Amino acid sequence: MEVSNKQITLKNYVTGFPNESDFEVRITTIPLKVPETTQNAILVKNLYLSCDPYMRDRMSKLEGSYLDSFIPGSPLTGYGVSKVLDSTHPDFNKGDFIWGFTVGWEEYTLITATQSLFKIQHTEEVPLSYYTGILGMPGITAYAGFYEICSPKKGEKVFISAAAGAVGHLVGQFAKLFGCYVVGSVGSREKVDLLKNKFGFDEAFNYKEEEDLNSALKRYFPDGIDIYFENVGGKMLEAVLLNMTRHGRIAVCGMISEYNLEKPEGIQNLSCILTKQIRMEGFAVFDYFPQYAKFLEMILPHIKEGKIDYLEDIAQGLENGPAALVGLFSGRNLGKQLVVVAQD
Ligand code: NAP
C-alpha cells in the first residue's frame, strides 16, 4: 500500500545565512513496507525531528568533511525519533521506537543505514520527544563535553556560551550539580532570566548588550575562568582567552557564530593558550555514543527526581521545520528546538 509522504527538501546549496525560502515542501508517495529484497532495513513513521546547528554545514557543498552535504531535491536527514512500521532487521521490530541520525525530514522513511540508531526503552515517565534532546544527541554532547573534556573540579568557575540552547542549558545544570560557579552568555534578556531563574545559573549576561566582552567577563570572573564550554567561537572566544586561568580548559563543542560566514574570522589572543598553559580540545559527540547506556543511567534519575530542568521549543508540523531550523542562527529558540511531525 502506497501512502502520501510529505517531505522538506533543500532547493539549492546555501551560501551565507540560510532562509526559509531555501527549502521547499514536496509531496511524494511511499510503500509502507520494506521491499522484500532489502535486508537489514526498517520503514519508520517519523514523530519528532531535531533541529541542529551542524545541519548548516550540510546545506553547503562539502568537500573533505566528515559530514555529507544534503542533496538538493531530496529530503533533509538528521536526528529524530521514529516508530518502526516494518522491519527486515533482526534488531528492530514493528512497534519499536528508535532515535538516531538517519531520519528523513518527511513523514515516512525507509532506513537502510541502521548503524547509528538506538532503540528506545520507552517509559511513560519521560516524553518521547526528549530523545531529540536531553536523552539524545545534545544530552550526550553536554555530558561528554562537561565531564570528559572539561575535567571539572568542585568549586571551579565555568563559563558557557549559547547557554540557553539545547546543549548549553544542560551543561550549566551539570556544572551546578557538580558544585561549580556557573555563568552563561545568551542573546536576549528573556534568556538571561531563564538561566538565572529557571536553570539555576549563578549569573548570566546578554552578549548583544555588551560593548566590550572582555570587561563583561571580568565583571563575572574577577579571578578568571577555569572552564569554558565553547559553543560560539569568534569574538567571544577571543575575549575568553584573555580571561582564562592558568591550566584552564576549553571544550570546543561548536562555533556557531562562524557557520554562516564565507570567510571565517581569525581568532586573536591564541598565544594565551601557551602563556597560561590552557588545554583547548575539540570533540565530536559520535565518539561518545558507546557511553550512551552509562549516560542514561546518570540522566534518567536526575530527570525523574527533578534535579535537571529541560526546556523544549516545539514547532508543530513538517512545513514549519525550515523556519525552526533557520531560527537557530538568529537565536529564536529557547532550549531544544524540535519539530513535531506526528504524535505516536
Ligand atoms: P542551540 O544552542 O540550541 O541553538 C543555537 C543558539 O546559538 C541560538 O539559539 C543562539 O542563541 C546561538 N547563536 C546563534 N548564532 C550566534 C552567533 N552568531 N553568536 C553567538 N550565538 C549565536 O544549539 P545546540 O544544539 O545547543 O548547539 C550548540 C553548539 O554546540 C553549536 O555550536 C553546535 O554546532 C554544537 N554542537 C556540537 C556537537 C559536537 O559533537 N561537538 C554536538 C551538538 C552540538 P543566543 O540567543 O544565545 O544567541
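Placed above this text is the structure.
Let us look at the structure shown here.

About the cut-offs
Residues numbered from 1 in each chain as written. Predicted model: local features only at pLDDT ≥ 70, side-chain atom pairs only at ≥ 80, totals over all residues. Heavy atoms only, no water. Axes fitted to C-alpha atoms, helices over the stretch in contact; angles between N-to-C directions. Helix = DSSP H or I, 4+ residues; strand = E, 2+ residues; numbered from the N terminus. Parallel < 35°, antiparallel > 145°, perpendicular 65-115°, else oblique. Contact = heavy atoms within 4.5 Å. Nonpolar A, V, L, I, M, F, W, Y, C, P; charged D, E, K, R; others polar. Near = heavy atom within 4 Å. Polar contact = N/O pair within 3.5 Å; in protein donor to acceptor, adjacent residues only side chain to side chain. Areas by Shrake-Rupley, 256 points an atom, 1.4 Å probe, with all protein chains shown as cover. Phe/Tyr/Trp six-rings, centres within 6.5 Å; stacked < 30°, edge-to-face > 60°. Buried < 20%, exposed > 50% of the residue type's maximum accessible area, 1.4 Å probe, protein only.

1. Points about the packing of helix α2 (residues 137-149) against helix α8 (residues 292-304)
Stage number 1. Remark: α2 packs on α8, axes separated minimally by 11 Å, with the N-to-C direction vectors making an angle of 90 degrees. The angle between α2 and α8 falls in the class roughly perpendicular. Contacts between α2 and α8 involve G139, I140, Y143, Y147 and E148 from the first element and Y292, K294, F295 and M298 from the second.
Stage number 2. Of the residues that constitute the contact of α2 with α8, the class distribution is six nonpolar, one polar and two charged.

2. Some words on the site of the ligand
Stage number 1. Around the ligand, the surrounding shell holds 27 residues, and the nearest of these are K191, Y207, Y259, V285 and N333.
Stage number 2. With respect to the ligand, the backbone of C253 contributes an N or O atom lying 2.9 Å from a nitrogen atom.
Stage number 3. In this structure, an oxygen atom belonging to the ligand sits 2.7 Å away from a main-chain N or O atom of V285.
Stage number 4. Contact with the protein chains removes 89% of the 920 Å² of surface that the ligand exposes when unbound.
Stage number 5. Of the residues that constitute the shell around the ligand, the class distribution is 17 nonpolar, nine polar and one charged.

3. Section: the packing of aromatic side chains
Stage number 1. Enumeration according to the criterion identifies 25 aromatic pairs in this entry.
Stage number 2. Aromatic side chains W99 and F289 sit 6.0 Å apart centroid to centroid with 85 degrees between the ring planes, which places their arrangement in the edge-to-face category. Within this pair, whereas W99 is found in strand β5 (residues 97-104), its partner F289 is found in the loop between β13 (279-282) and α8, the two being separated by 190 residues in sequence. For the pair W99 and F289, a shared accessibility class is recorded, and that class is buried.
Stage number 3. Between F159 and F221 the ring centres are 6.0 Å apart and the planes differ by 75 degrees, which places this aromatic pair in the edge-to-face class. Taken together, the positions of F159 in strand β8 (residues 157-160) and F221 in the loop between α5 (213-220) and β11 (225-230) put the pair 62 residues apart, joining distant regions of the chain.
Stage number 4. Taking the relative accessible area as the measure of exposure, F159 reaches 0% and is therefore buried.
Stage number 5. Looking at F221, the relative accessible area reads 2%, which means it is buried.

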